[in-house]
Amino acid sequence: MKIILMRHGQAEDETRPDSARQLTGFGHEQAKQTAKYISSHYQPDYFLVSPYVRAQQTLAELQVLMANVPSHIQQNITPSDDARQALADIAHIEAECLVVVCHMSIIAYIAALLTGDYPESFSLAEARVFEMDFVMTGVAREIARFVPGQSY
């Protein structure tokens, strides 16, 4: 099984409530680049997304390329939610390749829980791919990462 953790693209300044902040034009471009990478290298069969607008706008760029993949809003993957509870909920999802679109800092903590490593910050619209036999703390290994605007 693979879990792809993706952070949202660049968001506008905090002139609105955090949950209502939208992607900038540059943020949409970042999300498009990462969506293109994911769609050309992986075959997601399920999307999970934060209820926050900028995460849903980021997911929309993935859905343009992979319109038939079902998606679900997971309420507890916002910036200040508990990563352990979020990962426990993610573990109940049956998918071979799951994409989770959310935020710093929860995304770094989920990644750390998966691998058993220390949390490491994600760049905007960065995607990291983890492989494991089942979802459990400390059993995944990171197999790839993509940061828009950087070549690998």
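Since the structure is predicted, the reported quantities are computational estimates derived from the model, not experimental observations.

(A) Focus on the packing of aromatic side chains. In total, this model carries 2 aromatic pairs according to the counting rule given. Considering the side-chain rings of tyrosine 37 and phenylalanine 146, the 4.6 Å spacing of their centres and the 10° angle between planes classify their relative orientation as stacked. Taken as a pair, tyrosine 37 in helix α1 (residues 25-41) and phenylalanine 146 in strand β6 (residues 141-146) lie far apart in primary sequence, 109 residues in all. Both residues of the pair, tyrosine 37 and phenylalanine 146, count as buried. Feature note: the residues Tyr37, Tyr42 and Phe146 constitute an aromatic cluster, connected by ring pairs. Stacked on the ring of phenylalanine 122, the Lys or Arg arginine 128 has its end atom at 3.7 Å from the ring centre.

(B) Main features of the side chain of threonine 58. Mapped onto the elements of the fold, threonine 58 is located in helix α2 (residues 53-65). Excluding residues that lie within four positions of it along the chain, threonine 58 makes contacts with Met6, Arg7, His8, Gly9, Leu23, Ala31 and Val101.

(C) Focus on helix α3 (residues 83-90). What α3 keeps buried is the set Ala83, Ala86, Leu87 and Ile90. Buried residues of α3, viewed axially, fall in a sector of 95°; they line one side. The inward-facing, buried residues of α3 abut β1 (2-7), β2 (46-49), β4 (97-102) and α4 (106-115).

(D) Looking closely at the pairing of β4. Of all the 6 residues making up β4, 6 are buried; the element is thus mostly covered by neighbouring parts of the structure. Of the two faces of β4, the one carrying Cys97, Val99 and Val101 and the one carrying Leu98, Val100 and Cys102 are both buried. Across 6 bridges, the pairing between β1 and β4 is parallel. Bridge pairing in β4 links methionine 6 to valine 101. Pairing analysis gives 4 bridges linking β2 to β4, with the strands arranged parallel.

(E) Inspection of α4 at higher detail. Across the 10 residues that make up α4, a large majority, 9, are buried. Where α4 is buried, its residues meet β1, α3, β4, β5 (127-131) and β6. Just downstream of α4 lies glycine 116, where phi reads positive at about 80°.

(F) Structural detail: the packing of α1 against α2. Where α1 contacts α2, the two axes come as close as 8 Å, and the packing angle between them is 40°. Between α1 and α2, the crossing angle belongs to the class labelled oblique. The hand of the α1/α2 crossing is right-handed. Facing α1, whose interface residues are His28, Ala31, Lys32, Ala35, Lys36, Ile38 and Ser39, α2 presents Gln57, Thr58, Glu61, Leu62 and Leu65. The residue inventory of the contact of α1 with α2, partitioned by class, reads 5 nonpolar, 4 polar and 3 charged.

(G) Here's a closer look at the nonpolar core. The biggest cluster of nonpolar side chains holds 25 residues, and the ones touching the most others in it are Ile3, Leu5, Ile90, Leu98, Val100, Ile110 and Leu114. Secondary-structure elements contributing two or more residues to this core are β1, α3, β4 and α4. For isoleucine 3, the residues in contact, after removing those within four places along its chain, are Ile90, Leu98, Val100, Leu114, Arg128, Val129, Phe130, Met132 and Val135.

Conventions and cut-offs
Residues numbered from 1 in each chain as written. Predicted model: local features only at pLDDT ≥ 70, side-chain atom pairs only at ≥ 80, totals over all residues. Heavy atoms only, no water. Phe/Tyr/Trp six-rings, centres within 6.5 Å; stacked < 30°, edge-to-face > 60°. Helix = DSSP H or I, 4+ residues; strand = E, 2+ residues; numbered from the N terminus. Buried < 20%, exposed > 50% of the residue type's maximum accessible area, 1.4 Å probe, protein only. Lys NZ or Arg CZ within 6 Å of the ring centre and 35° of its normal. Contact = heavy atoms within 4.5 Å. Arc of directions from axis to C-beta. Pairing = 2+ DSSP bridges. Axes fitted to C-alpha atoms, helices over the stretch in contact; angles between N-to-C directions. Parallel < 35°, antiparallel > 145°, perpendicular 65-115°, else oblique. Left-handed = near helix turned anticlockwise from the far one by under 90°. Nonpolar A, V, L, I, M, F, W, Y, C, P; charged D, E, K, R; others polar. Core = buried A, V, L, I, M, F, W, Y, C linked by side-chain atoms within 4.5 Å.

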